[in-house]
Structure formats: C-alpha cells, structure tokens
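# Observations on chain architecture
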Amino acid sequence: MGDKIYIFTILLAVLFLGRQVISYINEAHFKRKHGCKPEAKIPQWERFVGYHFFKSLTEESRSRKHLKATEWRYATYGSTWSVVVAGRRFINTIEPENVKSVLSVNFKEYSLGGRLVAFGPLLGEGIFTTDGAQWEHSRSLVRPNFNRSQVADLDTFETHIQKLITKIPTDGSTVDLQTLFFQLTLDSATQFLFGESVSSLTSTEGSVQEQFGKMFDLAQGRLLRRIRLSKLVRFFKDKDFDVACKVCHEFVDNIVNKALEKANLADSEKSIDATGEPERYVFLTEMLKATRDPRQLRDELLNMLLAGRDTTASLLGHTFHVLARRPDIWDKLKAEIDELHGQRPDYDTLRDLKYLKNLINECNPALRLYPVVAVNARFAVKDTVLPRGGGPNGTSPAFVPKGSLVVYSTYVMHRRKDIYGADAEEFRPERWEPEEGLRPGWAYLPFNGGPRICVGQQFALTEAAYTIVRMVQHFAGMENRDPTAWAEGMAVTLSSGNGVKVAMVPR
Ligand code: HEM
C-alpha cells in the first residue's frame, strides 16, 4: 500500500513537472514568434500573493493619493509595467496602442474578468457585468433605446433641474454642488429607467425611495474594494454590502413587478403602449417589448443605473469645480448662453452652443484631466500580446499570459506630456483648437472605445449640457468656497474628494 502511494505521488509530481515544462516551452515559442521582450516589473519581495502591493493600494485610496501614486509609478517604471496583486498579475499601461489592442483590435482575447464576481451581488448579469454571447444579447436589448428621441427628453430633465435649483441658497451661503448633482442624476436616471423617480432631491427621510438611494450608494461604494480583492473577494464577508444589495433588489423588483402586471394587462388588450400613459419614454417599458424575465429586467436596470448615474454627476461636479475657479471661463460661457435670452434650449440648440460643446465634449477637464472612469482593466482569456511595453525602452511587444489583467489608467494617459504638451496638467481649452493639431486618438478615452464603447454618451452629454445651461441662466456667477486643492474621490468613478463647495450669485 505504502509503495503504491509512493509511486502515485511520484507519478503526480512527474506529470505536474511535465506540464510545467511543456507550458514553459510553449510560452517561450509564443514569445519568440511575437518578438516579445520582458516588461518592467515593480520590485516586490514576493510575487505570489502580492499582499504588500494590495495593502499599498488600500492605503493610497484611504489617503486619497492613489492617482498621484499611480502617476509616480508610471514616471518611475515607464509606460508599461507589471505587478502582482491579490494573486494576479496586473500589467499596467498608458500606451494608446496597447489600449486600442485590448479594447478593439484583440477584443475577443479579453474579458471583464472578475467584474461579475465583484459586482454580481448588486448588479446581477447585465450589460455592464457579462461577456461573450450574454453581453451581446444585453447590448442588443439596451443599445436601440439610445436613439435621438430618447436622448432629447429635456422636459424630464427640466423638472429635476428645477428641484435642484430650489435647493441652492441665494443668500450667499455655501452649498456643495457635487452632492446635489449626485441627487439630480439619481432622480433623472431612475425616472428614465424605471418610469418613476426616487426624487432624492425632495424625498423625505425614511421613505423607501430615500432608503434605496442610500443603499445603492453604500453598495456602489464597496465595489472598488471588491474588484481589487480579485479572486479573494469570496473570502471577505461584508454584511452591510449584503443588506444594501437586498434593499436595492427589493426596491427594483417591486417596480419591475408593477410594470410586468401592467404590460400583461396591456397584452390582453393587444398593446404595451396602451397602458394609459404612453407619453414619456421609459427604458423599462421598452425592455418589456424584448423580455418578460423579471430577473433580467432587474439586472439590466441596475446595470444601467450604475453605468449612468455617478458618471454624469462626476462630469457635472468637475465642470463646476473648474468653473468656480475660472471666472474667465464662466464669463465666456455666460455670454454664449445669454444669446438664448433665457429660453430653454432644445436638443439642436444645445448642439449649436459651440463654446459649451467644446467645454464639455472636447476640452472639458472633467473628461481629460479628471476622467470619470479613471482606471479600467481587461482580463486575458488566452495568452496574448500587447504591441508595446516590452524591452528596456518599452517599444517591443509584451507577453500577456492567460489569466493576467491589463490595467489602463485614463487619468495618467490623459496627462501624458509627450501627447498633450509640456502643459498637459493645465486646463487650456485652446489646445483643442484645430490649428494646434492635437489628435490624441486612443490616448483620449473618456467613454472607452471598441465594441464596448459607452452606450449612454449622448444621453450624458445632453443631460450635462442642459444642466449647465439652466444653471448659468439662473445664476449670474459663482464664488469658490473651497481653498484646498483638488483631491481624488475614487470609487468606481472619479469625483472631487472635497466636493464642489461654492456660493451661487443670483441674477
Ligand atoms: C459622463 C458620463 C459618462 C461617462 C464618462 C461614461 C463612461 C463610460 C465608460 C468609460 C465605459 C466603459 C466601461 C467598461 O467597459 O469598462 C462606459 C460603459 C457604459 N456606459 Fe457610460 N459613461 C457615462 C454615462 C453613461 C450614461 C448616462 C449611461 C446610460 C444611461 C451609460 C451607460 C453605459 C453602459 C450601459 C455601458 C456598458 C457598455 C458595454 O459594456 O457594452 N453611461 N461608460
């Protein structure tokens, strides 16, 4: 018996070693074939778990210095380097060619990796968390709902913006606009998605709507840590997160069930649109035309809420953060908007406001200097190659082993001096004027690129533009009430860590 165990153990060891040797030979052959050279590696005393690096990431986030630390790492180790975090190899890059390869050219060689495990308890399986055929199906359900007529529902925005404006003091006292923008976008997103707004700008304490808003914020706030824990997330219990997910699910299930009942009733009367209230576009109603699966409906709604709410609030927050410090820009913007003589703009008018469009769409620091999604990643589903990052100068291809994560920092890439000029850290709209010849291509990526490009881009830009116009039409100016420098507020999206504290001057 003892001999048998001994022989069996030896056989297993030989098998294991044999597999290691074969995979080493295959890997060497693959690297040779593609001309791969080793990428720079961050020194780590152990590269098995990478616990210390994980701890550094957590501490940097806590002290709001993660983005600066990341910038320093790129300055020190070059534009592509690797590190082991929570047992996984992270290949970090700010090379536009690499980002293009991951998101577009070699799209099929990557997946979202652990996003479903990390975000799944809150979001389930929807457009933002799935890959492959399941994602294609979600995207085909969601995508058609973003054509022009839905994007341009400015009447809905208007009711929420009026509520926002009434919450802004006109007696010179300080207000945090960022908090209000988060409420505004929660209200408008829930209206657009669910057909009923949670009205967080006006809801009373203790209401189910208020509870939902709070719990969604809590759950969302834990997602960054969960994604960083990677494979280890399963071992960390987080009771508050579990409770928050449950509250969010119950709230959305209730809305979905009501909509399903209505739709089934309407079916028996032949048309979903014959529900008695066809006037306003509602994402959920449109989705009911494609599916009646309550779980899928809940998941897609929560996926959309996550993708669309904080992102637009962060864009607005950063825009006003800069406007509060740059009265010259406020004045130019006001001059353009005053040409509307206080009229509410429609979709086409918004598009014709050149300075505003430039401010938001191209030269807005909210998108370049403070990209809403400051860091993103993709997981290699097979051995693959990045076009750059290998060798001492980082100009050779770099090997990406199956199972590793390619992380790209939009924040650092958008500040590359070799692309944006020596003054890349400065806000200078003029750099975008055609005469300056700036064509960053894949080095400018606020809405991502390739097949998974943001579906809500026009929705977000329209909502942001409309809000800015209505604010400028209502207020003559603003005073900055925050003497501190900008600090990062890193969650899944990037916001201003100190909020946007200002006093608004009435007209
Ligand atoms: C300023 C506002 C916004 C910014 C900067 C932004 C940015 C992005 C980025 C960078 C991604 C890629 C994420 C990834 O693949 O890892 C993304 C995806 C997505 N965005 Fe947005 N977004 C904004 C607003 C919105 C809005 C308002 C909606 C919907 C109402 C929305 C819906 C989505 C969806 C559904 C995806 C996933 C697409 C897919 O994977 O196929 N976004 N967005």
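What you see is a predicted model; the values in this text were computed from it and never measured.

Conventions used here
- Residues numbered from 1 in each chain as written.
- Predicted model: local features only at pLDDT ≥ 70, side-chain atom pairs only at ≥ 80, totals over all residues.
- Heavy atoms only, no water.
- Helix = DSSP H or I, 4+ residues; strand = E, 2+ residues; numbered from the N terminus.
- Rg over C-alpha atoms; globule rule 2.2 N^0.38 Å.
- Buried < 20%, exposed > 50% of the residue type's maximum accessible area, 1.4 Å probe, protein only.
- Donors = N, O, S within 2.8 Å, 3.2 Å for Na, K, Ca; no water.
- Contact = heavy atoms within 4.5 Å.
- UniProt positions renumbered as here; feature names shortened; annotations may be inferred.
- Pairing = 2+ DSSP bridges.
- Near = heavy atom within 4 Å.
- Polar contact = N/O pair within 3.5 Å; in protein donor to acceptor, adjacent residues only side chain to side chain.
- Axes fitted to C-alpha atoms, helices over the stretch in contact; angles between N-to-C directions.
- Salt bridge = Lys/Arg side-chain N within 4 Å of Asp/Glu carboxyl O.
- Phe/Tyr/Trp six-rings, centres within 6.5 Å; stacked < 30°, edge-to-face > 60°.

Further remarks concern the overall build of the protein chain. Within the protein chain, the regular secondary structure consists of 20 helices and 13 strands. Here the protein chain has a C-alpha radius of gyration of 25 Å; the compact-globule value for 507 residues is 23 Å, and the two agree. In terms of principal-axis extent, the alpha carbons of the protein chain reach across some 85 × 65 × 35 Å. Per-residue burial over the protein chain gives 52% buried out of 507 residues.

Attention shifts here to the coordination of the iron atom of the ligand. What the protein offers the iron atom of the ligand as a donor is a single atom, Cys454 (SG), at 2.3 Å. Residue placement: Cys454 occurs in the loop between helix H19 (417-420) and helix H20 (457-474).

Our next topic: the environment of Gly342. As for its placement among the helices and strands, Gly342 is situated in the loop between helix H15 (327-338) and helix H16 (347-352). Taking the C-alpha atoms as reference points, Gly342 and Val469, 127 residues apart in sequence, are found 9.4 Å from one another. Apart from the residues within four sequence positions on either side, Gly342 is in contact with Arg470 and Gln473.

Taking the UniProt record as the reference, the feature "binding site: heme" (unreviewed entry) is found at Cys454. A residue is classified by how much of its surface remains accessible, and Cys454, at 32% relative accessible area, is partly exposed.

The strand order E1-E2-E3-E9-E6-E4 describes an open sheet built from six strands, whose pairing is mixed. Bordering the open sheet on either side are strand E1 (40-41) and strand E4 (110-111), each of which pairs with just one other strand. Here E1 pairs with strand E2 (residues 80-85) via two bridges, running parallel. Bridge pairing links Ala40 to Trp81 in E2.

Surveying the vicinity of the ligand reveals 25 residues, the closest of which are Arg115, Arg139, Arg378, Arg452 and Cys454. Arg115 is positioned such that a nitrogen or oxygen atom in its side chain is 2.5 Å from an oxygen atom of the ligand. Between the ligand and Ala307, the relevant distance is 3.4 Å, taken from a nitrogen atom to a main-chain nitrogen or oxygen of the residue. Broken down by secondary-structure element, the contributors of at least two residues to the shell around the ligand are helix H6 (132-142), helix H14 (294-325), strand E6 (375-380) and H20. Per-element tally for the shell around the ligand: the top contributor is H14, with six residues.

Moving on, we get to the pairing of strand E9 (residues 405-409). With five of five residues buried, E9 lies mostly within the body of the structure. Along E9, one buried face is formed by Leu405, Val407 and Ser409 and the opposite face, lined by Val406 and Tyr408, is buried too. Here four bridges tie strand E3 (residues 88-93) to E9, and the two strands are oriented parallel to one another. Among the inter-strand pairings, Thr93 is bridged to a residue of E9, identified as Tyr408. Where E6 and E9 come together, five bridges link them in antiparallel fashion. Counted as the bridge partner of Asn376 is Tyr408 from E9.

Another aspect to go through is the sheet that holds strand E10 (residues 475-480). Taken in spatial order, the three strands of this open sheet run E5-E13-E10, and their pairing is antiparallel. Each of the sheet's edge strands pairs with one partner strand only, and the pair in question is strand E5 (175-176) and E10. The pairing of E5 with strand E13 (residues 501-506) spans two bridges and is antiparallel. Opposite Val175, over in E13, you have Val502 as the bridge partner. Of the strands in this sheet, E10 and E13 are in contact with H15, which crosses E10 at around 165 degrees.

For the rest of this paragraph, the subject is the pattern of salt bridges. Under the defined criterion, the tally for this structure stands at 32 salt bridges. Arg344 is the salt-bridge partner of Glu158, the closest N and O atoms lying 3.8 Å from each other. Here the residue Glu158 occupies a position in helix H8 (residues 154-166), and Arg344 occupies one in the loop between H15 and H16, the gap between them amounting to 186 residues. The buried category is assigned to Glu158, whose relative accessible area is 9%. Among the charged side chains, a network of salt bridges with common partners joins Glu95, Arg388, Arg416 and Asp418.

This brings us to the packing of aromatic side chains. Counted by the stated rule, this structure contains 16 aromatic pairs. Between Phe146 and Phe192 the ring centres are 5.8 Å apart and the planes differ by 55 degrees, which places this aromatic pair in the tilted class. Within this pair, whereas Phe146 is found in the loop between H6 and helix H7 (148-151), its partner Phe192 is found in helix H9 (residues 177-194), the two being separated by 46 residues in sequence. No difference in accessibility class separates Phe146 from Phe192, as the two residues are buried. A connected cluster of aromatic rings, assembled from ring pairs, spans Phe146, Phe157, Phe192, Phe283, Phe459 and Tyr466.

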